[in-house]
Amino acid sequence: MGTNRETTEIEKKLLQAKHRMEEARARNQVQERKDRTRRLIQEGAILEKAFPEASSMELETLERFLCSHLQRHC
């Protein structure tokens, strides 16, 4: 009987470890999204500060303008 109980305890601990890993991954993904959002906001603020007209341009127009002036193929 001890073997069955030991197996159940081991399975329980493995399942708990798996759940902790999944929770850690989920927290990391949330933090990565928050970091990306913050970075995008900061970059947008820098763009508007350097080029105030950007705030009133349509996104497609802004993209074409930047691509043509930075000589990038978008």
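Residues numbered from 1 in each chain as written. Predicted model: local features only at pLDDT ≥ 70, side-chain atom pairs only at ≥ 80, totals over all residues. Heavy atoms only, no water.

Student: Could you clarify how one ought to interpret the pattern of salt bridges in this entry?
Tutor: A side chain of one charge can pair with a side chain of the opposite charge when the charged atoms of the two come close. Per the stated rule, a full pass over the model turns up one salt bridge. Glutamate 43 is the salt-bridge partner of arginine 39, the closest N and O atoms lying 3.3 Å from each other. Here arginine 39 and its partner glutamate 43 are both found in helix α1 (residues 2-50), four residues apart, which amounts to about one turn of the helix. (Salt bridge = Lys/Arg side-chain N within 4 Å of Asp/Glu carboxyl O. Helix = DSSP H or I, 4+ residues; strand = E, 2+ residues; numbered from the N terminus.)

Student: Explain the packing of aromatic side chains here, please?
Tutor: Each aromatic ring pair is summarised here by two numbers: the centre-to-centre distance and the angle between the ring planes. In this structure the tally under the stated criterion is one aromatic pair. Summarising the aromatic geometry, the rings of phenylalanine 51 and phenylalanine 65 are spaced 4.9 Å apart at their centres and angled 5 degrees between planes, so their arrangement reads as stacked. One end of the pair, phenylalanine 51, is in the loop between α1 and α2 (59-69); the other, phenylalanine 65, is in helix α2, and 14 residues separate them in sequence. Its relative accessible area of 27% is what places phenylalanine 65 among the partly exposed residues. (Phe/Tyr/Trp six-rings, centres within 6.5 Å; stacked < 30°, edge-to-face > 60°. Buried < 20%, exposed > 50% of the residue type's maximum accessible area, 1.4 Å probe, protein only.)

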